[in-house]
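Chain by chain, the residues:
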Amino acid sequence: MAQSTVFLLNLYLIFMLAGCGASYSGREPPKAVGGMLDLSQWDFDRDGPVKLDGEWNFLWDRLLTPQDFAKLTPIEASRSLRVPGAWTASQKSPDASLGYGTAWLKIQGLSPHAEAYALLIPQIGTAYKASLFRPEAADKAAWLWRAGNPAASKADTVPELLPQINDVLHTQDGELILLVQLASYHHRTGGLWRPLELGRTEQVTTRFRNAKARDIAVVAMILMIGFYNFGIFLQRREDRSSLWLAVYCMVIALREFCTSDLISFALIPGSLWTYELRFKLEYMTLLGNAACLAMFLS
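As the structure is a computational prediction, the values presented were derived from the model and not from experiment. (Residues numbered from 1 in each chain as written. Predicted model: local features only at pLDDT ≥ 70, side-chain atom pairs only at ≥ 80, totals over all residues. Heavy atoms only, no water.)

Structural notes on the pairing of strand β5 (residues 99-108)
Then, in step 1: The element β5 is largely enclosed, with a buried count of eight among its 10 residues.
Then, in step 2: Summarising the sheet, strand β1 (residues 36-38) and β5 pair through three bridges and their orientation is parallel. Within the sheet, the bridge partner assigned to Asp38 lies in β5 and is Gln108.
Then, in step 3: Note: strand β3 (residues 54-60) against β5, four bridges, orientation antiparallel. Bridging across to β5, Asn57 finds its partner in Trp104. (Buried < 20%, exposed > 50% of the residue type's maximum accessible area, 1.4 Å probe, protein only. Helix = DSSP H or I, 4+ residues; strand = E, 2+ residues; numbered from the N terminus. Pairing = 2+ DSSP bridges.)

Here you go:
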């Protein structure tokens, strides 16, 4: 009993420490307007990383490359997508939740820096490729982030939910273009579900690492509660409530694992069956939670 209590307290401390980080100014970050984000007044050292939220440009049924960007007409570049959010808010028709397209954001005022910036791209629904480039160097731009394979058809699209961080060198003044190809045929909603985050490399990686540590601590603490109650059941077999509470905790821990980023690093990348397994477990654990809770209360 005492050892279990000490272990749980240690996990709690790990969870609390994982939430600790650098203290920033707390300023309200700028928002993208009309597909453009102005960072000229943002100090990353004082204000911390910035989320690339707001109004992005978006074009349905086109998978644009950096080389295509200069050929866009003003009309094509006038459609928008709210980020973070599902692209159903920017549908081309009432039932167009599935399909493909390209989102992009112009970033202005980013101060040149000798050290690399870092961009975190979280889970995106449900396959993407992304590039960050200067307009005058579009012909040399490469895809720096990729999860699955976005394509113009379901047969060619490979879904994958994988958060990624990549360093970005920005040593000269000038505008940057963040271009993201998207495709979603395996989920009822697509788009940039979660905020993208730009900052110094150490800032972004520390936040990402702390978030994973919190997820691990939560899953571990729930599992410990489950194992503890299962141990009580083994000592008192007539105490069925301890058994069902233990099973309930196991199911919750599995659901937390599936809904967090942790499962993204445990599955085989670029595999359709592992993508489907993830969502099947997520929905099955939702039903399992209700069944176990009902048995515990009965």
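So much for the structure itself; the text now carries on.
Some details on the side chain of Glu160
Then, in step 1: In this structure, Glu160 sits in the loop between β8 (145-147) and β9 (164-170).
Then, in step 2: Engagement of the side chain of Glu160 in a polar contact is seen with the backbone nitrogen of Gly148, the distance being 2.8 Å. (Polar contact = N/O pair within 3.5 Å; in protein donor to acceptor, adjacent residues only side chain to side chain.)

What about the packing of aromatic side chains?
Then, in step 1: The full count for this structure, using the stated rule, is nine aromatic pairs.
Then, in step 2: Measuring from ring centre to ring centre gives 5.9 Å for Phe58 and Trp87, while their planes differ by 50 degrees; the resulting arrangement is tilted. Remark: Trp87 occurs in the loop between β4 (80-83) and β5 and Phe58 occurs in strand β3; sequence separation between them is 29 residues.
Then, in step 3: Look at Phe69 and Phe133: their rings are 6.3 Å apart centre to centre, the planes differ by 80 degrees, and that puts the pair in the edge-to-face class. Here Phe69, found in the loop between β3 and β4, pairs with Phe133, found in strand β7 (residues 127-133); they are 64 residues apart in sequence, far enough to count as distant. (Phe/Tyr/Trp six-rings, centres within 6.5 Å; stacked < 30°, edge-to-face > 60°.)

Let's talk about the environment of Ser271
Then, in step 1: Within the element layout of this structure, Ser271 appears in the loop between α4 (240-259) and α5 (272-297).
Then, in step 2: Sequence separation between Ser271 and Val158 is 113 residues; the distance between their C-alpha atoms is 7.3 Å.

Let's talk about a nonpolar patch on the surface
Then, in step 1: Judged by side-chain polarity, Ile268, Trp273 and Leu277 come together as a nonpolar surface patch covering roughly 320 Å² of accessible area.
Then, in step 2: Positionally, Ile268 belongs in the loop between α4 and α5. (Patch = residues over 30% accessible without salt bridge, like charges linked within 9 Å, V, L, I, M, F, W, Y side chains within 5 Å. Areas by Shrake-Rupley, 256 points an atom, 1.4 Å probe, with all protein chains shown as cover. Salt bridge = Lys/Arg side-chain N within 4 Å of Asp/Glu carboxyl O.)

So, the side chain of Thr126
Then, in step 1: With respect to the helices and strands, Thr126 occurs in the loop between β6 (113-121) and β7.
Then, in step 2: You can call Thr126 buried: its relative accessible area is 0%.
Then, in step 3: Sequence-distant contacts of Thr126, that is, excluding residues within four places in its chain, are made with Pro159, Glu160, Leu161, Ala183, Ser184, Tyr185, His186, His187, Trp193 and Tyr275. (Contact = heavy atoms within 4.5 Å.)

Some points on the pattern of salt bridges
Then, in step 1: If you walk through the whole model with that rule in mind, you get nine salt bridges.
Then, in step 2: One salt bridge connects Arg27 with Asp47, and the closest N-O pair in it is separated by 2.9 Å. One end of the pair, Arg27, is in the loop between α1 (2-18) and β1; the other, Asp47, is in helix α2 (residues 44-47), and 20 residues separate them in sequence.
Then, in step 3: Given the relative accessible area of 35%, Arg27 is considered partly exposed.
Then, in step 4: As a salt-bridge pair, Glu136 and Arg134 come within 2.6 Å of each other at their nearest N and O atoms.
Then, in step 5: Residue classification places Arg134 among the buried positions, given a relative accessible area of 19%.
Then, in step 6: The network of salt bridges with shared partners includes Arg27, Asp43, Arg46 and Asp47.

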